[in-house]
Amino acid sequence: MAQQEEEKIVQETFRWLHRHPELSYEEVETTKRVREVLQEHDVTVLDSSLQTGLVAEVGAAGSADTEGPVVALRADIDALPVTEETGLPYASEIPGRMHACGHDFHTSALLGAALLLKQKEAALPGRVKLVFQPAEEAPGGAKKVLETGLLGDVDAMFGLHVSPLFPVGTLGLRAGAVTASVDRFQITFRGKGTHAAHPDAGIDPIPAAAAFIQAAQTIVSRNLNPFAPGLVSITHVEGGNTWNVIPETVLVEGTTRSLGKEERQLIRENLCRLAERIAEGHGSQAEIDWYEGPPATDNTPEWVEVAQKVAEQQSLSVAEAPASLGGEDFAYYQETLPGVFVLVGTGHSYSNHNPKFQVDPAALWPAAQYLVGLAEAALQHILKGKAGGAK
Ligand code: NI
């Protein structure tokens, strides 16, 4: 099949996905569409426990040769609970659902890469696993993919994300972290409810919560290394429901972010200690629920070099990706696998998750070709490393 036809499939799939966004773990039609295109082109879809999303494979699949290198390419496939306001001819047909983070772009670019790799299958020096991951936004779909065990033989893994910071034709690369560790906390300050006119008969949780909210910001300004990025954002406070009753509890909710493991731990320990001791000082108690999200991404410097070389070979510009305190669950893969999370310039636009966010489809086909080049270069790189006895 001519390459022109594959490019058409990529463009059409992108528009179809954009019109039919599905939320995390609800990507049934999305998965069906991806599976159909892959199977029409004889790409092997691997058996897995995934309810939505899938893992496919190109290369010496099914053969006894399990010694060759294996690389994985990942696209996330889910959309967001946002009502689209772009006015695009292929805008979302579902109110309250939108591909506002470009995961439709990732999915169709990876699909294009799968079709191109399939054509070159006989010449590939190893295998390429194509991960269409559900529920990045949940977050945690990456964990579901890891639980399938299908990545157990993978030597290196690559993912991409659209970026409105760069024009079409530019990639953003950076060694180390490009996105942050993400934790969520809910702290309940528990006192003893009473009449507003008789505070002495109860324990007011509001002053404790207020003191904690003030003190929490000193963690970043006073405890954290000033050269290490990190933050505490308190985003939700709830307590009491009228003017003449001192409530029993106050809920304080928020998130902490950092780029380093030590900073992540330091922020958590300090935040919990402040909550507990401030509550105690006020005669109340702090009940803490902590939800660990993904760690920071961790791009391997050696693989960033490879990714940069491939970009140069394909006449793409490379800019330094800025680090962000946003989260990305690709980081779960990077806890055990080396590789790179690449930003793909899709033209200046409103920011991700905005109802007016959009990507320029002109960046799709170059992104598909880049993923192919990256997979090929990665397989070669691993082979060379093994031949030289060092990696
Ligand atoms: Ni995203």
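Presented here is a report on the structure given in the accompanying data block.

What counts, and where the lines are drawn
- Residues numbered from 1 in each chain as written.
- Predicted model: local features only at pLDDT ≥ 70, side-chain atom pairs only at ≥ 80, totals over all residues.
- Heavy atoms only, no water.
- Helix = DSSP H or I, 4+ residues; strand = E, 2+ residues; numbered from the N terminus.
- Buried < 20%, exposed > 50% of the residue type's maximum accessible area, 1.4 Å probe, protein only.
- Contact = heavy atoms within 4.5 Å.
- Areas by Shrake-Rupley, 256 points an atom, 1.4 Å probe, with all protein chains shown as cover.
- Lys, Arg positive; Asp, Glu negative; His and termini not counted.
- Charge placed at Lys NZ, Arg CZ, Asp CG, Glu CD.
- Axes fitted to C-alpha atoms, helices over the stretch in contact; angles between N-to-C directions.
- Parallel < 35°, antiparallel > 145°, perpendicular 65-115°, else oblique.
- Left-handed = near helix turned anticlockwise from the far one by under 90°.
- Nonpolar A, V, L, I, M, F, W, Y, C, P; charged D, E, K, R; others polar.
- Donors = N, O, S within 2.8 Å, 3.2 Å for Na, K, Ca; no water.
- Salt bridge = Lys/Arg side-chain N within 4 Å of Asp/Glu carboxyl O.
- Pairing = 2+ DSSP bridges.
- Expected span 1.5 Å × (residues − 1).

### Some points on the overall build of the protein chain
When helices and strands are counted, the protein chain shows ten helices and 14 strands. With the C-alpha coordinates of the protein chain rotated into their principal frame, the extents come out at 80 × 50 × 40 Å. Evaluated residue by residue, the protein chain yields a buried proportion of 52% over its 391 residues. Pairs at least 24 apart in sequence give 82% of the contacts found in the protein chain among residues at least 6 apart. Taken as a whole, the protein chain presents about 17,200 Å² of accessible surface, with 49% of it coming from carbon and sulfur. Distance between charge centroids for the protein chain: 2 Å, based on 30 positive and 51 negative side chains.

### A short note on the packing of helix H5 (residues 205–216) against helix H7 (residues 261–281)
Running from N to C, H5 and H7 cross one another at 150 degrees; their axes reach a closest spacing of 9 Å. As far as their axial angle goes, H7 and H5 are roughly antiparallel. Where H5 crosses over H7, the handedness of that crossing is right-handed. The segment H5 lies against H7, with Ala-208, Ala-211, Phe-212, Ala-215 and Ala-216 engaging Leu-271, Leu-274, Ala-275, Ile-278 and Ala-279. Here the residues of the contact of H5 with H7 are counted per class, giving ten nonpolar, no polar and no charged.

### Points about the coordination of the nickel ion
Coordination sphere of the nickel ion, protein contribution only: Cys-101 (SG), His-103 (NE2) and His-161 (NE2), at 2.1 to 2.3 Å. Counting gaps between the donor residues of the nickel ion yields the pattern C-x1-H-x57-H. You can see Cys-101 sitting in the loop between strand E3 (70–76) and helix H3 (103–119) and its partner His-161 sitting in strand E5 (residues 156–163), a full 60 residues away along the chain. Comparing Cys-101 with His-161 shows no difference in burial state: the two are buried.

### Considerations on the pattern of salt bridges
Evaluation of the coordinates by the stated rule reveals 16 salt bridges. Taking the shortest distance from any N to any O, the salt bridge between Glu-320 and Arg-174 comes out at 3.2 Å. One end of the pair, Glu-320, is in strand E13 (residues 317–320); the other, Arg-174, is in the loop between strand E6 (170–173) and strand E7 (181–190), with 146 residues separating them in the sequence. The partner of Arg-268 in a salt bridge is Glu-292, with the nearest N and O atoms 3.0 Å apart. Residue Arg-268 is found in helix H7, and its partner Glu-292 is found in strand E12 (residues 285–292); the two are separated by 24 residues along the sequence. Glu-292 gets classed as exposed once you look at its relative accessible area, which sits at 51%. Linked through salt bridges whose partners overlap, the residues forming this network are Glu-57, Arg-127, Lys-129 and Asp-153.

### Re the sheet that holds E13
Pairing is mixed across the open sheet formed by eight strands, whose spatial order is E1-E2-E4-E3-E5-E14-E6-E13. In the strand order of this sheet, the two ends are held by strand E1 (44–45) and E13, each with one partner. The pairing of strand E2 (residues 54–58) with strand E4 (residues 127–133) spans five bridges and is antiparallel. From the neighbouring strand, Glu-57 faces E4, where its bridge partner is Lys-129. Along the sheet face, H3 touches E2, E3, E4, E5 and strand E14 (339–345) and points at about 145 degrees away from the line of E3.

### Re the side chain of Asn-270
Relative to the helices and strands, Asn-270 resides in helix H7. In contact with Asn-270, not counting residues within four places along its chain, are Ile-219 and Asn-223.

### Thoughts on the environment of Val-342
Within the fold, Val-342 resides in strand E14. Owing to a relative accessible area of 2%, Val-342 belongs among the buried residues under this scheme. If sequence neighbours within four positions are ignored, Val-342 has contacts with Gly-159, Leu-160, His-161, Leu-171, Gly-172, Leu-173 and Tyr-370.

### Some points on helix H2 (residues 28–40)
Between its first and last C-alpha atoms H2 spans 18 Å; for 13 residues at 1.5 Å apiece the expected length is 18 Å, and the two agree. The inward-facing, buried residues of H2 contact helix H1 (3–19), E1, E2, H3 and E4. Two residues or fewer after H2 comes Asp-42, characterised by a positive phi angle close to 60 degrees.

### Structural notes on the sheet that holds strand E11 (residues 249–258)
Ordered in space as E9-E11-E7-E12, the four strands form an open sheet in which the pairing is antiparallel. Where the open sheet ends on each side, the last strands, each with one partner, are strand E9 (230–239) and E12. Here the strands of the sheet are splayed against their neighbours by 20 degrees on average, with no regard to which way each runs. Packed on one face of the sheet, H5 meets E7, E9 and E11 and runs near 10 degrees to E11. In this fold H7 packs onto E7, E9, E11 and E12, with an angle of close to 160 degrees to the strand it touches most, E12.

### With respect to the environment of Gly-141
Within the fold, Gly-141 resides in helix H4 (residues 141–147). Not counting the four nearest positions on each side in its chain, Gly-141 is found in contact with Tyr-25, Gln-133, Pro-134, Ala-135 and Asp-329.

### Considerations on H1
Spanning 17 residues, H1 covers 25 Å between terminal C-alpha atoms, matching the ideal 24 Å at 1.5 Å per step. Listed as buried for H1 are Glu-6, Ile-9, Val-10, Gln-11, Thr-13, Phe-14, Trp-16, Leu-17 and His-18.

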